[in-house]
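# Results of the structural survey
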Amino acid sequence: MSEEKFVYTACPGWGDHDFCALKTVVKDGVIDHCEKIEYSEPEKLDGHICQKGCLAHRIVDNPNRVLHPLKRIGKRGEGEWEQISWDQALDEIAAKLNQIRDESGPQSVCMWHLGAGMPPAMGFEDSMPKRFANTFGCTDPMTSQGLDCGPFYSEFYLTNDAFLHTIIDPACWANCDGDIWIWGCNPIENQMRAAQNVVRAREAGANIIDIGLVFDGSAGYADEFYGVKPGSDGWLAAFIMRRMFETDSIDKEYVLSRSSAAYLVDEETGKLARDASGASFYVYDSDAQGLAAIAGGRAEYPCANPALFGRFEIDGKSYATSLTLLQESCDQYTLQKTIEMTGLSGDQINYLADKWCDLSRNEFILSGYGLRYPNANETCRFFHYIGILSGRLGKPNNGVVESLQLMSYPVMLNDAAIVCPEGPQNVKGVSMRQSDWFELAQSDKSPFRALLVAGGNPVHQFPDRKRWLEIVKRMELVVDVDIWITDTGELADYILPDCTPFEREDVVLMGVYNHIVLQEPAIERIGDTKDPVELWSELGKRVGLEKYFNLTLEDYMNIRFDFDWYPLVCTIEPKVTYERLKKEKMIRLNAPAEPKFDPWMDPFEVYATPTGRLELYAERLSDLDDAVPQPRGLHKIGKSEEYPYQLFTGRQRFFMQSSYTDDPITIHLSGDKPATRVNPIDAKRHGLQAGDKVEVYNDRGHVVTNLEISESIPAGTIHVWFGWRRRQFEEGTYSEMVNQASGRDTVTELEDRWWNDWIATGRTGSVLAGDAASQPIGAADCYWDSWCNIRKYEVKKEA
Ligand SMILES: Nc1nc2c(c(=O)[nH]1)N[C@H]1C(S)=C(S)[C@@H](COP(=O)(O)OP(=O)(O)OC[C@H]3O[C@@H](n4cnc5c(=O)[nH]c(N)nc54)[C@H](O)[C@@H]3O)O[C@H]1N2
Ligand SMILES: Nc1nc2c(c(=O)[nH]1)N[C@H]1C(S)=C(S)[C@@H](COP(=O)(O)OP(=O)(O)OC[C@H]3O[C@@H](n4cnc5c(=O)[nH]c(N)nc54)[C@H](O)[C@@H]3O)O[C@H]1N2
Ligand code: SF4
Ligand SMILES: [Mo]
């Protein structure tokens, strides 16, 4: 009789922000299939699975998997490897690490650990390498990286916090019956949970508006599509804000209560006006016609009618309300200017603005990472501002979500104790802002001698590629931990094979619908792979850190549940323990069934700002002329007559970043080969035909593919499909051409200010010390602001 069982597994497509747990069904010791998970009530039916999840278990016996440690023979990048034992690999790596530490200090060893794509990123894949970095003393370049920055920037200047207000339960828009604005993202192809609820909303009567660049899957699903010029969204939102003031479409009660709209600004200093003690602020009492002091921390207003609008001369000083300054800043956002910047028609712009201004409608903006231009930080502020002015942040069936980090109530365990065994004050790892690290690592004076890639595929994903080639050239040791040979692995000296989530134990947190789910191995491990607990423990012991690396997986599991500071977990009865989870497999958080988690839902929240309110006037930016948002122009780095096209490396529905690019099924579904797409106008301009072999190039590099001609791509943009590995292109790769992520090129005085302001709040700015939000602080996303040209590819003849 055949035997069937199931276990839960974090989906290897996890990095798409859906964070699903799969139900993995095993028959006679072999994975049969993956299906959706069934939670306990009231989320019983909320589990889901997408096409990638269905294919996920194929990863296990994919022939490209690395099943034994590999050591490079021959030159770096030549692709010659020998299979070695774990003992040899770890002994040799440890000997080199010890030598480097003794000669030039532990900080000469760098560790790259982007957990984003590693399932489940909040588990041992994350905590174990960080524990190693913290006890060895590695340099950590993961702080202030150019990834996901905009929403955090906006949140920081509004709330003085980061990360707490970016996650949301997508069910929040399922009953929105007005408009869903898909603005700068593509949930229909990229974010299944968001998509599921967009579909529900549409069935409930919502009209779907897509504001985008290329005509993607979400545009196809939408009722209306508005194609804007790249990076111009801030201008459109700014115009909507202007129209809100013009038509008095402002929820005054909400704005007064939640925001600092009524707080006076001292026009001479550009700071919020304060009393002599410095602890209280001033508002203008409209009845008494004079200043009235209000304490910080969202105190009660001292008068019945604080003025929301106005400019006042008192004792020779000029004051204006924050809201008045915001309103005045809108003068510049004329219809004409908005037409010019966005490329939309006046009618289209008026139509969109009027929709948002109708406060009787339910409206939800879903924004995401299609706005990754260097001005994204400011663009995101505009989205929040129109959300606040309309009273829609946190109002049921309304909202603005900028990062599509899709979760129910946040779940946290005690992983900090694993990451910082001596406490956050005593970490030996040294954080560096990523842009500074790149600059140093690329220079002839680089102090860095070894690079451990514990998570992610940076050579592929953290452009540009040439920068990595230079960095790797300077390293005496490069180690990549992965399940197969990636673009990063190709340049490494050693590849240490991890096992897949189907082969190891962990806890699935994050988006598992208010549950804590135990991940158990579905099958025996294939080949000679190790899980992160074993791998980092064995390396740790060999570099003299046995004190920190003598625990078992079970010990670590017990540490994860042994804490008392997170109410949603720590108030569960009976107490959650590893023992209990092993018996029950999933445990529901102590979270309410309703309302669904919306980061803005508490109308009485006291924000971490001095006023305690959402600060519409960011006084810390006043000397940079940015206290109220400004739609910054595009940097257009490298745009010239030589490189007039915008390069767009948009995502593939069947790949998850560079993952799934090793599966013949997903490769086939993605068109068998990578392609370049241009608009017919541009094809004609260059005399190009569909099927031609073309070269897309700029001064950094090039890529060669076949050409597709498509109306879905606007003229002026060249789309090279994202995800494919370098070896899948005929020549080159798009990641040679993409702008530096978090490089000095894109960090401006605004990002530097952001960084300094963040540190000034008392945060450590160190990801390793548990300051996870520091990861994106002080950087700018810039993936799309790259410029290129196209030509027919001529095969170079041998001379
Ligand atoms: N299938 C699949 N799903 C994924 C991923 C994957 O690789 N594959 N990656 C995951 C990850 S890590 C992330 S961060 C998310 C990102 O997912 P999204 O947030 O959806 O971002 P993108 O797919 O990068 O871009 C979405 C759209 O932005 C539009 N766009 C580009 N420029 C502009 C502009 O200037 N203005 C406007 N309004 N729109 C513009 C383009 O039309 C593009 O289709 O997807 C996740 N989901
Ligand atoms: N040009 C361009 N560049 C981009 C983007 C873009 O849109 N265009 N998007 C950016 C975005 S939004 C993001 S989030 C980053 C993502 O950047 P990365 O996280 O570096 O990208 P992935 O390709 O997902 O890398 C995940 C790696 O983990 C490996 N992996 C998967 N499962 C396991 C496992 O169980 N164990 C171990 N050890 N490894 C595993 C995969 O093989 C893969 O190599 O890229 C950014 N880079
Ligand atoms: S939505 Fe993402 S996490 Fe969920 S099954 Fe699909 S690929 Fe996996
Ligand atoms: Mo991402």
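Below: a short report on this structure. None of these values were measured; they are calculated from a predicted model.

On to the site of ligand 2, then. What surrounds ligand 2 is a group of 28 residues, the closest being Arg 372, Gln 461, Asp 482, Asp 498 and Ser 658. For ligand 2, a nitrogen atom lies 3.4 Å from a polar atom in the side chain of Glu 125. One of the side-chain N or O atoms of Arg 651 is found 3.1 Å from an oxygen atom in ligand 2. The protein chains hide 98% of the 910 Å² of surface that ligand 2 would expose on its own.

Glancing now at the sheet that holds strand 17 (residues 317-321). With antiparallel pairing, the four strands of this open sheet are ordered in space as 13-12-17-16. Edge positions in the open sheet fall to strand 13 (271-272) and strand 16 (311-314), since each of these has one partner strand only. Relative to strand 17, strand 12 (residues 264-266) runs antiparallel, the two sharing three bridges. Considered in strand 17, the bridge of Leu 264 is made with Thr 321. This element, helix 10 (residues 322-329), spans strand 12, strand 13, strand 16 and strand 17 of the sheet and lies at about 75° to strand 17.

Turning our eyes to something else, we now look at the sheet that holds strand 3 (residues 30-36). One open sheet accounts for three strands, arranged 1-2-3; its pairing is antiparallel. At either margin of the open sheet sits one strand with a lone partner, and together these are strand 1 (4-10) and strand 3. Going across the sheet, the axis of each strand differs from the next one's by a mean of 30°, ignoring polarity. Across seven bridges, strand 1 lies against strand 2 (residues 21-27) in antiparallel orientation.

What follows concerns the environment of Phe 281. Along the chain, the position of Phe 281 falls in strand 14 (residues 280-285). Along the backbone, Phe 281 and Cys 570 are 289 residues apart, and their C-alpha atoms lie at a distance of 38 Å. Those residues in contact with Phe 281 that lie beyond four places of it in its chain are Tyr 263, Leu 272, Ala 273, Arg 274, Ala 292, Ala 293, Ile 294, Gly 296, Pro 610 and Thr 611.

Before going further, it helps to spend a moment on the packing of aromatic side chains. In the structure shown here, the tally under the stated rule is 40 aromatic pairs. When the ring of Trp 112 is compared with that of Phe 462, the centres are 5.0 Å apart and the planes differ by 70°; the resulting orientation is edge-to-face. In this pair, Trp 112 sits in strand 6 (residues 109-113) while Phe 462 sits in the loop between helix 16 (458-461) and helix 17 (465-474), placing the two residues 350 residues apart along the sequence. Like Trp 112, the residue Phe 462 is buried in the burial classification. Consider the rings of Trp 235 and Tyr 333, whose centres lie 5.9 Å apart with planes at 85°: the pair is edge-to-face. In this pair, Trp 235 is assigned in helix 8 (residues 233-246) and Tyr 333 in the loop between helix 10 and helix 11 (335-342), connecting sequence segments 98 residues apart. Taken together, the ring pairs connect Trp 112, Trp 437, Phe 438, Phe 448, Phe 462 and Trp 468 into an aromatic cluster. The lysine or arginine in question, Arg 202, covers the ring of Tyr 221, its NZ or CZ lying 4.9 Å from the ring centre.

By secondary structure assignment, the location of His 702 is in strand 31 (residues 702-709). In this structure His 702 comes out as buried when scored by relative accessible area, which is 16%. Of note is the side chain of His 702, whose polar atom sits 3.5 Å from the side chain of Glu 731. Not counting the four nearest positions on each side in its chain, His 702 is found in contact with Glu 695, Val 696, Tyr 697, Glu 731, Gly 732, Thr 733, Glu 736 and Met 737.

Along a regular strand, successive side chains alternate from one face of the sheet to the other. Where strand 2 meets strand 3, six bridges bridge the pair, whose relative direction is antiparallel. When the sheet's bridge partners are listed, Thr 24 is paired in strand 3 with Cys 34. Hairpin connection from strand 2 to strand 3: two residues lie between these consecutive antiparallel strands, with Asp 28 at a positive phi of about 50°.

Cut-offs used in this document
- Residues numbered from 1 in each chain as written.
- Chains lettered and ligands numbered in written order.
- Predicted model: local features only at pLDDT ≥ 70, side-chain atom pairs only at ≥ 80, totals over all residues.
- Heavy atoms only, no water.
- Near = heavy atom within 4 Å.
- Polar contact = N/O pair within 3.5 Å; in protein donor to acceptor, adjacent residues only side chain to side chain.
- Areas by Shrake-Rupley, 256 points an atom, 1.4 Å probe, with all protein chains shown as cover.
- Pairing = 2+ DSSP bridges.
- Helix = DSSP H or I, 4+ residues; strand = E, 2+ residues; numbered from the N terminus.
- Contact = heavy atoms within 4.5 Å.
- Axes fitted to C-alpha atoms, helices over the stretch in contact; angles between N-to-C directions.
- Phe/Tyr/Trp six-rings, centres within 6.5 Å; stacked < 30°, edge-to-face > 60°.
- Buried < 20%, exposed > 50% of the residue type's maximum accessible area, 1.4 Å probe, protein only.
- Lys NZ or Arg CZ within 6 Å of the ring centre and 35° of its normal.

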